[in-house]
Amino acid sequence: MTADEIVKAIEEMENGERIKLLNRLFDNYFDSRPPKEQIIREKEEIFWGKEDD
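Novice: Whenever I open this one, the pattern of salt bridges confuses me. Can you help?
Specialist: Side chains that differ in sign of charge can pair as their charged atoms come close. The tally for this structure, following the rule as stated, stands at two salt bridges. Residue E17 pairs with K20 through a salt bridge whose shortest N-O separation is 3.2 Å. Pair noted here: E17 and K20 are both in helix α2 (residues 15-30), with a separation of three residues, about one helical turn. Residues R33 and D31 are paired through a salt bridge, measuring 2.8 Å at the closest nitrogen-oxygen approach. Given a relative accessible area of 57%, R33 falls into the exposed group. Overall, the relative accessible area of 27% leaves D31 in the partly exposed class.

Novice: Whenever I open this one, the environment of I19 confuses me. Can you help?
Specialist: Looking at the secondary structure, you find I19 in helix α2. Considering only alpha carbons, one finds I19 and P35, 16 residues apart in sequence, at a separation of 22 Å.

Basis of the calculations
- Residues numbered from 1 in each chain as written.
- Predicted model: local features only at pLDDT ≥ 70, side-chain atom pairs only at ≥ 80, totals over all residues.
- Heavy atoms only, no water.
- Salt bridge = Lys/Arg side-chain N within 4 Å of Asp/Glu carboxyl O.
- Helix = DSSP H or I, 4+ residues; strand = E, 2+ residues; numbered from the N terminus.
- Buried < 20%, exposed > 50% of the residue type's maximum accessible area, 1.4 Å probe, protein only.

This is how it looks when you write it as structure tokens:
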């Protein structure tokens, strides 16, 4: 599929489907944040210290 074909398909979608697509694109290709579990673990280490301390 070409970029133009994809844009045309997006334009033909209902708004709800377009929003779902944008969320999936963000999650799969553009979200550079670390996983939630890693963020929680790092915050716990800051608050409580590392287990081996």
